[in-house]
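So the chains spell out like this:
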Amino acid sequence: MSERNDRKVTRATADLVAREANVSRIAVSRAFNPNASLKPEKRDRILQIARELNYTPDMAARSLVTRRSHLVGMIVPDVCSPWESQEIDALTTALQAEGFATLLFKVKADFSMDQTLLTYMRGFNPDSVIAFTENVEPAVLSGFLDRAVPVYIIYDDAEEFAAKRSTSLYDRLVVRQKEGIEQAVALLQGYGARRVAYLGGKRQSLANTERERIITQVLAERGMAPPVVVPGDYTYDTAYRATLDLFRVGDGADAIFASNDVGAFGAIDALRHELSLSVPGDVKVVGFDDIPQSHWKSYNLTTVRIDLADRVRALVRLILRRLKTPGADPLVETLSTRLVVRGTVG
């Protein structure tokens, strides 16, 4: 057995890798940091030797020196719905490319977070935490973090949200929904829609609250009646039943603006298969998010798009900028929305 293979019996050290690769110990550390400056061929050689020696960096020891855990926490309302699952997947991939591992924490049904879970999160000492639900307030969340500054997703101006939490430092990704909603309403009006129903999401969701507020505002600005608000919860089954109630108990509508694409799918199937109505001939339907299933031929959904790749890049930028300038004032990234026109309006 070779000397190198003999050394696999005990845990290899960075010093051993450095000797075998004929480099400095600092170069070994840089090889395991995707952001560190190192020639590609040198990095490849170090990593190859590290694999042969079965060496991995001691992240716990490194964090004591650097005060960085290389962990990012994500607080999410859901992990299995199409939008949340694709965002978690894309964000995890992007963060791993930057040298971070991710921790996932799921809130309760009312979007609140158990304090025991917050204490558990604190034990990991994450470098950053992204809160995808605004119900876990920055003032509360910051109390369970060490040096990390949380990142919040804020929809539109959300001035009330910001005002109530102005005493706590948090970074924010602001998603401007109005542009995409204006384009959707203009298209519906252009195709003759007069009575528009808004099929809502979970009432605890700030995104849903803002969408309802904006569509009401935009309809008024275009001289149209306020929307018929239909309660929902972002799920297919609830949207399906709510659409049946809208037409069998209520007065129906000639257009449905759903708070998300999954709800739009439920509305479309109820219209076509239970109510024998044509989409878009009898009723026009618009969704929100533009998840991959929206372009499937069964739905071919016209929808307001939030660009997932842009959203992920913005979140990663916020994390990296905060780590580079930990004492900075609140950092802000902004995204807009746009309408993707397919076959459920005209």
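Residues numbered from 1 in each chain as written. Predicted model: local features only at pLDDT ≥ 70, side-chain atom pairs only at ≥ 80, totals over all residues. Heavy atoms only, no water.

1. Quick look at the packing of helix H10 (residues 178-190) against helix H11 (residues 206-221)
- Closest axis-to-axis distance for the H10/H11 pair is 10 Å, and the angle between their directions is 45 degrees. The orientation of H10 with respect to H11, classified from their angle, is oblique. In terms of crossing hand, the pair formed by H10 and H11 is right-handed. Across from Lys 178, Ile 181, Glu 182 and Val 185 in H10, the residues of H11 making contact are Arg 211, Ile 214, Ile 215, Gln 217, Val 218, Leu 219 and Glu 221.
- For the contact of H10 with H11, the per-class residue count stands at six nonpolar, one polar and four charged. (Axes fitted to C-alpha atoms, helices over the stretch in contact; angles between N-to-C directions. Helix = DSSP H or I, 4+ residues; strand = E, 2+ residues; numbered from the N terminus. Parallel < 35°, antiparallel > 145°, perpendicular 65-115°, else oblique. Left-handed = near helix turned anticlockwise from the far one by under 90°. Contact = heavy atoms within 4.5 Å. Nonpolar A, V, L, I, M, F, W, Y, C, P; charged D, E, K, R; others polar.)

2. Looking at the packing of aromatic side chains
- Under the counting rule described, the total for this entry stands at four aromatic pairs.
- For the pair Tyr 198 and Phe 257, a centre-to-centre distance of 6.4 Å together with 35 degrees between the ring planes defines the contact as tilted. Here Tyr 198, found in strand E6 (residues 196-199), pairs with Phe 257, found in strand E8 (residues 255-258); they are 59 residues apart in sequence, far enough to count as distant. In terms of burial, Tyr 198 and Phe 257 fall into one category: buried.
- A cation sits over an aromatic face here: Arg 172 above Tyr 170, 4.1 Å from the ring centre.
- Residue placement shows Arg 211 over the ring face of Tyr 155; its charged tip is 5.7 Å from the ring centre. (Phe/Tyr/Trp six-rings, centres within 6.5 Å; stacked < 30°, edge-to-face > 60°. Buried < 20%, exposed > 50% of the residue type's maximum accessible area, 1.4 Å probe, protein only. Lys NZ or Arg CZ within 6 Å of the ring centre and 35° of its normal.)

3. Topic: the environment of Thr 334
- Among the structural elements, Thr 334 can be located in strand E11 (residues 332-336).
- Once the C-alpha coordinates of Thr 334 and Arg 172 are considered, the two residues, 162 residues apart in sequence, prove to be 8.5 Å apart.
- Discounting chain neighbours no more than four positions away, the residues touching Thr 334 are Leu 173, Val 174 and Arg 176.

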